[in-house]
Amino acid sequence: MVLTKENLRKLMLEKLEKQREELRKKRSLSIKDKLFRLKVFKEAKTILFYLALKPEVQTRTMIEEALKLGKKIAVPACDIKAKEIKPCLLRTLENRHLKEGACGISEPFLIRPIDPAKIDLCIVPGLAFDLSGNRLGRGLGYYDRFLSRLPESAHKIGLAFKFQVLKRLPFCLPHDVRVDKVLFA
Ligand SMILES: Nc1ncnc2c1ncn2[C@@H]1O[C@H](COP(=O)(O)OP(=O)(O)O)[C@@H](O)[C@H]1O
Ligand SMILES: [Mg+2]
């Protein structure tokens, strides 16, 4: 079978769905530890996280602990009409302050956009990555468009389970924005 973006997405979605809950939790915590040990994380004042869907690398504990450390946290709100991600302030993970946005992804109930130029660190989800930081998303290009407009100073880190990291993603195009580092477990 020829490996295409589309069949790799399908394969990764299946693997993500199949992964047992305990493993997903355990690996996500180990990825959190790796993230919190990084100098770029320690020094970051404003961090864009993502609010994970069930099969993805989980970010709740990361966000809770980062809030306790006094970091300013933003998460994407998806604007379907404009086909873009808007980074919005997240002060708490309490359910009553969240709502379901596009594609079943949680977002803040009150949308308070932040200036993307203020983001020091951007935590990026993905279906697959390679060791050079190439990334495969869900196929809508939201993060490619968003990341391409971020200032150079913003560090980009992808989070993944080990099975999502390949030696090389063969079909990346010029519009695909690379991350600076991939953390996986
Ligand atoms: N910087 C960009 N400007 C305009 N369109 C873009 C840009 N980046 C991506 N796209 C659009 O998004 C579509 C999906 O991108 P793709 O890289 O296949 O998805 P994903 O990154 O989600 O896996 C592309 O076909 C392209 O038309
Ligand atoms: Mg892409």
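Quantities reported herein were computed from a predicted structural model and do not represent experimental measurements.

**Some words on the sheet that holds strand β10 (residues 165-166)**
Stage number 1. Taken together, the three strands give an open sheet; going across it, the order is β8-β7-β10, and neighbouring strands pair in mixed fashion. Each edge of the sheet is formed by a strand with only one pairing partner; in this case those strands are β8 (135-136) and β10.
Stage number 2. Note that strand β7 (residues 128-130) and β8 share two bridges and pair antiparallel. Considered in β8, the bridge of F129 is made with R135.

**Details of the site of ligand 1**
Stage number 1. Taken together, the neighbourhood of ligand 1 is formed by K5, L136, G137, R138, G139, L140, G141, D144, R145, S148, H175 and D176.
Stage number 2. In terms of residue count, the dominant contributor to the shell around ligand 1 is helix α5 (residues 142-148) (three residues).
Stage number 3. Tallied by class, residues from the shell around ligand 1 come to two nonpolar, five polar and five charged.

**So, unusual backbone geometry**
Stage number 1. Of note, the phi angle at K83 is positive, near 55°, even though the residue is not glycine.
Stage number 2. Looking at K83, the number of C-beta atoms within 10 Å reads 11, which means it is exposed.
Stage number 3. The phi dihedral of C103 falls on the positive side, at around 60°, and the residue is not glycine.
Stage number 4. Examined against the element boundaries, C103 turns out to sit in the loop between β4 (98-100) and β5 (106-108).

**Digging into the pairing of strand β3 (residues 84-89)**
Stage number 1. Where strand β2 (residues 72-79) lies against β3, six bridges are found, and the strand directions are antiparallel. Bridge assignment links V75 to a residue of β3, and that residue is C88.
Stage number 2. Counting the residues in the hairpin turn of β2 and β3 gives four residues, including K83, whose phi is positive at 55°.

**Brief notes about the sheet that holds β3**
Stage number 1. On the basis of which strands lie adjacent, the open sheet formed by six strands has the order β3-β2-β1-β6-β9-β11 and mixed pairing. The sheet is open, and its two edges are formed by β3 and β11 (181-184), each paired on a single side. Adjacent strand axes in the sheet meet at a mean angle of 30°, parallel and antiparallel pairs treated alike.
Stage number 2. Pairing of strand β9 (residues 155-160) with β11, which is carried by four bridges, proceeds in the parallel orientation. Along β11, the bridge assignment pairs L159 with L183.

**Considering helix α2 (residues 21-37)**
Stage number 1. Across its 17 residues, α2 extends 25 Å between first and last C-alpha, which sits within 8% of the 24 Å expected from 1.5 Å per residue.
Stage number 2. Turning to α2, its buried residues are S28, I31, K32 and L35. One face of α2 carries all of its buried residues, which in axial projection span an arc of 110°. More than 90 degrees from the buried face of α2, the exposed residues found are E22, L23, K26, D33 and R37.
Stage number 3. On its buried side, α2 packs onto α3 (39-43), α4 (60-68), β9 and β11.

**Regarding the environment of A44**
Stage number 1. Relative to the helices and strands, A44 resides in the loop between α3 and β1 (46-48).
Stage number 2. As for A44 and P87, which are separated by 43 residues in sequence, their C-alpha atoms are 16 Å apart.

**Considering the nonpolar core**
Stage number 1. Formed by 39 residues in total, the largest nonpolar core has its most connected members in I47, L48, F49, L121, C122, I123 and I157.
Stage number 2. Ranked by residues supplied to this core, first place goes to strand β6 (residues 121-124) with four residues.
Stage number 3. In contact with I123, not counting residues within four places along its chain, are I47, L48, F49, Y50, I157 and L159.

**Description of the environment of I85**
Stage number 1. Position of I85 relative to the elements: it lies in strand β3.
Stage number 2. A residue is classified by how many C-beta atoms lie within 10 Å of it, and I85, with 21 of them, is buried.

**Looking at the pairing of β6**
Stage number 1. Alternating residues of β6 divide into L121 and I123 and C122 and V124, and every residue in both groups is buried.
Stage number 2. Where β1 lies against β6, two bridges are found, and the strand directions are parallel. By the bridge assignment for β6, I47 is matched with L121.
Stage number 3. The pairing of β6 with β9 spans four bridges and is parallel. Its bridge partner being in β9, I123 is matched across the sheet by I157.

Rules of the game
- Residues numbered from 1 in each chain as written.
- Chains lettered and ligands numbered in written order.
- Predicted model: local features only at pLDDT ≥ 70, side-chain atom pairs only at ≥ 80, totals over all residues.
- Pairing = 2+ DSSP bridges.
- Helix = DSSP H or I, 4+ residues; strand = E, 2+ residues; numbered from the N terminus.
- Near = placed C-beta within 6 Å.
- Nonpolar A, V, L, I, M, F, W, Y, C, P; charged D, E, K, R; others polar.
- Buried ≥ 20, exposed ≤ 12 C-beta atoms within 10 Å, placed from the backbone.
- Axes fitted to C-alpha atoms, helices over the stretch in contact; angles between N-to-C directions.
- Expected span 1.5 Å × (residues − 1).
- Arc of directions from axis to C-beta.
- Contact = placed C-beta atoms within 7 Å.
- Core = buried A, V, L, I, M, F, W, Y, C linked by C-beta atoms within 7 Å.

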